[in-house]
Amino acid sequence: MSHRSIRPKLSKPAVAATALFVVAVGLFWTGYSSLDDRIITLRYFLIALTGLAAFSTPYLLFPDKNGAVIQLGNLDSTDLNRYLSGKAVSYTWPVFLLFGVILFGDLNNPTGNLLTKLLYTMGASLLFAGLMVVSVARYVKSGPDSQFWKESEKGRKLRKDMADFFKYPIDPGSVPSLMNTILIVLIGFFTIVAGALLEQYVSAVAEIFAMGAIFLGGIITLRKYNLTLVRNFYSSNAFFREFFGESLKGDEAAARREVEQLWWVPAPLKMHVWQFLVQLDRKIPSGRVVAAGHVLVWFIAYQRPDPEFLTVIWLLFALVHHLFILLTIQPEMAPAWLLRWTGSSFIWLTTRFWMQLRWIIPLLLSMNTQLFIFGTPDFNSQAIVITAYIATALIVSAIGVSVLRKDIQT
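Residues numbered from 1 in each chain as written. Predicted model: local features only at pLDDT ≥ 70, side-chain atom pairs only at ≥ 80, totals over all residues. Heavy atoms only, no water.

A. Focus on the overall build of the protein. In terms of helices and strands, the protein carries 18 helices and zero strands. Buried residues in the protein amount to 48% of all 410 residues. In the protein, the share of contacts with a sequence separation of at least 24, taken over all contacts with a separation of at least 6, comes to 80%. When the accessible surface of the protein is summed, it comes to about 21300 Å², and 67% of that surface belongs to carbon and sulfur atoms. (Helix = DSSP H or I, 4+ residues; strand = E, 2+ residues; numbered from the N terminus. Buried < 20%, exposed > 50% of the residue type's maximum accessible area, 1.4 Å probe, protein only. Contact = heavy atoms within 4.5 Å. Areas by Shrake-Rupley, 256 points an atom, 1.4 Å probe, with all protein chains shown as cover.)

Structure (structure tokens):
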């Protein structure tokens, strides 16, 4: 009898298309840069990834659609660790590929400084992997703590104090997640800064050891929580299922977005775009994620990098927006049979494309404000960013249609 794995599966066409896209972005970003510029770029990229690992992990892990199957299968901690690792890798493998492209995609001197390139590729991979391991371990553990803060007298007092003194409502259940986010950001940020100082005053090998230490710390953290992993997973999955969906049920979910609010969408597509946006709201707070990305780009701009480098950062940030399209390709969010029943392939291609146009105005406003303050990116650079954004929105939407057709055929 054959056994069906519940680990996330990656289709070969999607993997190939993603890999080609990552290689193209990496070569465009650093293909003609010197080795020193590549290393600096890598550090900035790792700072961005630190924030991503700290913020997005609970949204990637929970609520888990296979939670009931895992419970029925009575997975032990070893099997559950494999499952969680496979799930994390399915989302993050392009990052590790991009590390290699940034360091080895040297169009000026492809065979030079190979050992240094290898060391920094290994160091960046270990650092990001370590941050992800720490993030997964701590967020899986956070369920019981969040439940305590949500239901205890201590949590109710916190809610009252925040409302009385700061005039800001807070859900006490989010306190452990907030602490995890802060902790992971601090670990990543100070490791990157300390590593850069070690490289300057000691050697590059010392920086690589600092990066590797985070991976070792992640393994230690994972082993520390291993005995209670299964219990914590069930508790955290139940908590985040309630936490992410508590204000998005029934009519209230629809009330957050109304079809009439989609002024930029052609009338025949409004209902379809509305459907995707409501589903995305249930999965991830897209507005807050994009706002956090703008803050990160502004932080990089504050460091006064080269205008070309900042343009590339804006370009990468614009392209990352299309992860929202990839979320709408997931079967649990948009089943192939339902899409086929309610519209044609062309309808869903244009629906995903028009859905993404909502971010153009925030991009333009942010870039022009930055131009006024820092003198960059100029109008030519902004035109490149917006043109690439629109073109890739169409390409990724087409990938979604190809996945839809494949699902229908199978």
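B. Up close: the side chain of Arg 43. With respect to the element layout, Arg 43 can be found in helix H2 (residues 35-61). Discounting chain neighbours no more than four positions away, the residues touching Arg 43 are Tyr 120, Ile 192, Ala 196, Glu 199 and Glu 207.

C. Structural context of unusual backbone geometry. Here the amide bond leading from Thr 376 into Pro 377 is cis, since omega sits at 5 degrees, within 30 degrees of zero. Following the sequence through the fold, Pro 377 ends up in the loop between helix H17 (360-374) and helix H18 (379-409). Of note, the phi angle at Asn 113 is positive, near 55 degrees, even though the residue is not glycine. Within the fold, Asn 113 resides in the loop between helix H4 (77-104) and helix H5 (114-151).

D. Seen up close, the packing of aromatic side chains. Summed over all chains, the structure comprises 13 aromatic pairs. The interplanar angle of 45 degrees and the centroid separation of 5.4 Å between the aromatic rings of Tyr 44 and Phe 309 together place this pair among those described as tilted. Pair noted here: Tyr 44 is in helix H2 and Phe 309 is in helix H13 (residues 307-320), with a separation of 265 residues, a long-range link. Comparing Tyr 44 with Phe 309 shows no difference in burial state: the two are buried. Ring plane angle 90 degrees and centroid distance 6.1 Å describe the contact between Phe 96 and Phe 99, whose orientation is recorded as edge-to-face. Pair noted here: Phe 96 and Phe 99 are both in helix H4, with a separation of three residues, about one helical turn. For Phe 96, a relative accessible area of 28% translates into the label partly exposed. A relative accessible area of 0% means that Phe 99 is categorised as buried. Grouping aromatic residues by their ring pairs yields a cluster made of Trp 29, Phe 45, Phe 96, Phe 99 and Phe 128. The ring of Phe 324 is capped by Arg 358, whose NZ or CZ atom sits 5.9 Å from the centre of that ring. (Phe/Tyr/Trp six-rings, centres within 6.5 Å; stacked < 30°, edge-to-face > 60°. Lys NZ or Arg CZ within 6 Å of the ring centre and 35° of its normal.)

E. Spatial organisation of the packing of helix H1 (residues 12-30) against H13. With their axes 10 Å apart at the nearest point, H1 and H13 run at an angle of 165 degrees to one another. Taken together, the axes of H1 and H13 are roughly antiparallel relative to one another. By crossing handedness, the relation of H1 to H13 is classed as right-handed. Listed contacts from H13 to Phe 21, Val 25, Phe 28 and Trp 29 of H1 are Phe 309, Val 312, Ile 313, Leu 315, Leu 316 and Leu 319. Here the contact of H1 with H13 is built from residues that sort into 10 nonpolar, no polar and no charged. (Axes fitted to C-alpha atoms, helices over the stretch in contact; angles between N-to-C directions. Parallel < 35°, antiparallel > 145°, perpendicular 65-115°, else oblique. Left-handed = near helix turned anticlockwise from the far one by under 90°. Nonpolar A, V, L, I, M, F, W, Y, C, P; charged D, E, K, R; others polar.)

F. Quick look at a nonpolar patch on the surface. Among the surface-exposed residues, Phe 104, Leu 114, Leu 115, Leu 118 and Met 122 lie close enough to one another that they form a single nonpolar patch of about 460 Å² accessible area. Top element by residues in the nonpolar patch is H5. It accounts for four residues. Checked against the element boundaries, Phe 104 lands in helix H4. Classification of Phe 104 as partly exposed rests on a relative accessible area of 34%. (Patch = residues over 30% accessible without salt bridge, like charges linked within 9 Å, V, L, I, M, F, W, Y side chains within 5 Å. Salt bridge = Lys/Arg side-chain N within 4 Å of Asp/Glu carboxyl O.)

G. Region of the structure containing the nonpolar core. Residues Trp 29, Leu 46, Leu 84 and Phe 99 are the most contacted members of the largest nonpolar core, which totals 89 residues. The dominant element in this core, judged by the number of residues it contributes, is H2, at 12 residues. Contacts of Trp 29, omitting those with residues within four sequence positions, involve Thr 41, Phe 45, Leu 98, Ile 102, Phe 309, Val 312, Ile 313 and Leu 316. (Core = buried A, V, L, I, M, F, W, Y, C linked by side-chain atoms within 4.5 Å.)

H. Geometry of the confidence of the model for the protein. With 80% of its residues at a pLDDT of at least 70, the protein reaches an overall mean of 80. Confidence, read as mean pLDDT per element, is least for helix H10 (residues 250-256) in the protein (43) and greatest for helix H8 (residues 204-224) (92). Predicted confidence for residues 246-256 stays below pLDDT 50, and this span has 12 contacts to residues more than four positions away or in other chains. (pLDDT = per-residue confidence, 0-100.)

I. Geometry of the pattern of salt bridges. If you walk through the whole model with that rule in mind, you get six salt bridges. Among the ionic pairs, Asp 106 bridges to Lys 117, the shortest N-O distance being 3.2 Å. Taken together, the residues Asp 106 in the loop between H4 and H5 and Lys 117 in helix H5 connect sequence positions 11 residues apart. Via salt bridges that share partners, Arg 38, Asp 106 and Lys 117 belong to a single interconnected network.

J. Local environment of the side chain of Gln 382. Mapped onto the elements, Gln 382 comes out in helix H18. Among the residues examined, Gln 382 registers a relative accessible area of 4% and is labelled buried. A polar side-chain atom of Gln 382 sits 3.1 Å from the main-chain carbonyl oxygen of Pro 377. Aside from chain neighbours lying at most four places away, what touches Gln 382 is Leu 364, Met 367, Asn 368, Leu 371 and Pro 377. (Polar contact = N/O pair within 3.5 Å; in protein donor to acceptor, adjacent residues only side chain to side chain.)

K. Broad picture of the layout of surface pockets. Size it by volume and the second largest pocket reaches roughly 360 Å³. As for the second largest pocket, its lining consists of 17 residues, and the residues nearest its centre are Ser 33, Asp 37, Thr 41, Asp 306 and Phe 309. Those elements giving two or more residues to the lining of the second largest pocket turn out to be H1, H2 and H13. (1 Å grid on protein atoms, 1.4 Å probe; cavity = no way out; pocket = protein on both sides within 12 Å on 5 of 7 lines; lining within 4 Å. Points joined across faces, edges and corners; volume = space filled by probe spheres on them.)

L. Quick peek at the environment of Arg 43. Since its relative accessible area comes to 16%, Arg 43 is described here as buried. Spatially, the C-alpha atom of Arg 43 lies 9.4 Å from that of Gly 195, the residues being 152 residues apart in sequence.

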